[in-house]
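Each chain, letter by letter, is given below.
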Amino acid sequence: MTGSAHHDTRPTARRAGERGGTVDRQAERADAAGDTAGDTADVLVVGAGPTGLMLAGELRLGGARVTVLERLPEPTGQSRGLGFTARAMEVFDQRGLLPRFGPGLETSPQGHFGGVLFDYTVLEDAHFGARGVPQSRTEAVLEEWAASLGADIRRGWEVTELRQPPGGGGDAGGVEVAVRTPRGERRLHAAYLVGCDGGHSAVRRLAGFDFPGTPATREMYLADLVGSRVRPRPLGERLPGGMVMAAPLAEGVDRVIVCPHGTAPRERAEQPGFPEVAAAWQNITGEDISGGTADWVSSFTDATRQVTAYRRGRVLLAGDAAHIHLPAGGQGLSTGVQDAVNLGWKLAAAVQGWAPPGLLDSYHEERHPVGARLLMNTRAQGALYLGGEEAEPLRALFSELIEYDEVKRHLAGTVSHLDIRYGPHGDGHPLRGRRLPARALRTAAGETSTTELLHPAQGVLLVLDGGGRARAEAASGWKDRVVTAAGTLRDPRAGEPLADAGAVLVRPDGHVVWTAADASDGGRPHAALRRWFGTPAPA
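What this report covers is the structure whose coordinates are included nearby. Residue numbers run consecutively from 1 along every chain, following the written order of its sequence. Under the rules for a predicted model, residues below a pLDDT of 70 receive no local features and side-chain atom pairs below 80 are neither given nor counted, while totals for whole chains, interfaces and linings still include all residues. Neither water nor hydrogens contribute to the side-chain values; these are computed over all heavy atoms in the structure.

## Considerations on a nonpolar patch on the surface
Here is step 1: The patches described consist of residues with a relative accessible area above 30% and no salt bridge, like charges being joined within 9 Å and nonpolar side chains (Val, Leu, Ile, Met, Phe, Trp, Tyr) within 5 Å. Each accessible area is a Shrake-Rupley result for a 1.4 Å probe, and residues are judged covered by the shown protein chains and nothing else. Put simply, a salt bridge is a Lys or Arg side-chain nitrogen that is within 4 Å of an Asp or Glu carboxyl oxygen. There is a patch of nonpolar side chains on the surface, built from Leu397, Leu401 and Tyr404 and spanning about 300 Å² of accessible area.
Here is step 2: For Leu401, the location among the structural elements is in helix α9 (residues 392–401).
Here is step 3: Burial classes follow relative accessibility: with a 1.4 Å probe on protein chains only, a residue under 20% of its type's maximum area counts as buried, one over 50% as exposed, and anything between as partly exposed. On the accessibility criterion, Leu401 (36% relative accessible area) is partly exposed. Each helix is a run of DSSP H or I of at least 4 residues and each strand a run of E of at least 2, with the numbering of both proceeding from the N terminus.

In structure tokens form, the structure reads like this:
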């Protein structure tokens, strides 16, 4: 469990020394000048958290005009999440974003499932992911990137009404929203709108998405303590009164999570105060931390819900707006970022007019099962983490099972999201539907890598079997959407699946949709090119 709670209860105060206000000032100047760029955006993105900002950057790379509407006037500087999964690291790397986080990005070879520790190195090239990265830093990196690409980010703009053509289906018309801004009410229109506005999503409510699931059964607390020295409990400690976690964040600052047994969830107008958290900590541990202070305090629950559809006509949802769950392993931020990368290029293609039939609907088809699996694994982890004495047999059994490498591989793939594979695979090549692995390449133009080829967010036809010219000619009709690269692996490995594939067609989100090794199409990528990149341009 981490502090990555889904509840959108962000206060307006910003901690000194956090993100600069460059983007905020740009939006203020634009609004003061009566700028109407947001009124004519192709896509409105509601919410400037990691999901919304990642989506804004992806849409800009795809050529769509984007306006981001964020109800808070400035970033809070708070960080529920303190890292991201290995798959999220891959996603950031494929856009060249990892260097923006600064040197020494720390990863860990170890992870856990519901507090049961295991080693991620059982998977090739795998690790638990980045740790010690405050969510505020991730948001700052993504905001600077999206703004540099031309995204219009407007803070203090709150969506209050939403209207699309009657019926909400198909692609007819567009979306219109009423927005409360620092200078009064505005109405904005766009071809599409995406709600990335968190667990209490206004877009989800206004657009009428169904949001079934299991209600909260308990309330828990998160706080960053200053001056209260607590014993580290990084994987949590279960006691008769509940479970507590504690880990140092900086000198004199500790992140604590308090999960009392029998604390009924409640609707709160505002977040709990530090005395409430200190009392719960003392009830469970017998330790008095009330002499310290808290940088900030939050509460969260174990409610688990997912929308039945990620799209209703011209309105779509991503991240916590589409799925809420117990925060376990930092998976919320990472899943939201992957939602954004899956959706971004598809939505940009729809805006640009080259999206083939069904492309935008494939967002729901691919990401809804991933979200359902996320909810399953976080509920299972909650049973292990938070269950009382009645869960001891389950924990004992997991501790036995996790000694088996096959179980480790399965659980590691589940919580790192490295096991995600899209589409029907049948007897296809093992890479089909999976992410293109990070490998160094030698090409006629010099050394590069599979990751660098994905930086521009275009499709890639990567040829490794010597048929470069013929493959390039085969994809020539899509050269405005697909880059062809021919080369060899710099450090080929025994049993390397990429070398065995001969050639691969990769979507802008990094997933392989065709290999030359698949016999069903005679080694020709035309059907896959049409399926994912539309009709070829006229000769």
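Picking up after the structure, the text goes on.
## Quick word on the pairing of strand β5 (residues 110–113)
For a regular strand, side chains alternate in direction, first toward one face of the sheet and then toward the other.
Here is step 1: Whether two strands pair comes down to DSSP finding at least two bridges between them. Two elements, β5 and strand β6 (residues 116–119), share four bridges in a ladder whose sense is antiparallel. In the strand pairing of β6, Gln110 is matched with Asp119.
Here is step 2: Counted along the chain from β5 to the antiparallel partner β6, the turn is two residues long, and its residue Gly114 has a positive phi close to 60°.

## What to know about the sheet that holds strand β7 (residues 129–131)
Here is step 1: Strand order in the open sheet made by the three strands is β3-β7-β4, with antiparallel pairing throughout. Unpaired on one side and paired on the other, β3 (83–85) and β4 (107–108) mark the two borders of the sheet.
Here is step 2: In the sheet, β3 pairs with β7 via three bridges, with the strands oriented antiparallel. Along β7, the bridge assignment pairs Gly83 with Arg131.

## With respect to the sheet that holds strand β9 (residues 158–163)
Here is step 1: With respect to topology, three strands assemble into an open sheet ordered β9-β10-β11, the strand pairing being antiparallel. Looking along the sheet, the strands with just one partner apiece sit at the ends: β9 and β11 (184–190). Going from strand to strand, the sheet's axes swing by 25° on average, the running direction of each strand aside.
Here is step 2: Pairing of strand β10 (residues 175–181) with β11 involves seven bridges; the strand directions are antiparallel. Looking at β11, one finds that Val177 is bridged to Leu188. An axis is simply a line fitted to the C-alpha atoms; with a helix, the fit covers only the stretch in contact. Between two such axes, the angle follows the N-to-C directions and lies from 0 to 180 degrees.

## Side note on the pattern of salt bridges
Here is step 1: This structure, assessed with the given rule, holds 31 salt bridges.
Here is step 2: The residue Asp480 makes a salt bridge to Arg481 at a minimum N-O spacing of 3.0 Å.
Here is step 3: With a relative accessible area of 9%, Arg481 lands in the buried category.
Here is step 4: Across the pair Asp509 and Arg507 runs a salt bridge whose closest N-O atoms are separated by 2.7 Å. Comparing Asp509 with Arg507, the two get one shared label, buried.

## A closer look at the side chain of Glu366
Here is step 1: Position of Glu366 among the secondary structure elements: in helix α8 (residues 361–386).
Here is step 2: Accessibility expressed as a relative area gives 9% for Glu366, which makes it buried.
Here is step 3: Setting aside residues no more than four positions away along its own chain, Glu366 makes contact with Asn342, Lys346, Tyr422, Arg507 and Trp532. Only heavy atoms matter for contacts: two residues are in contact if any of them lie within 4.5 Å across the pair.

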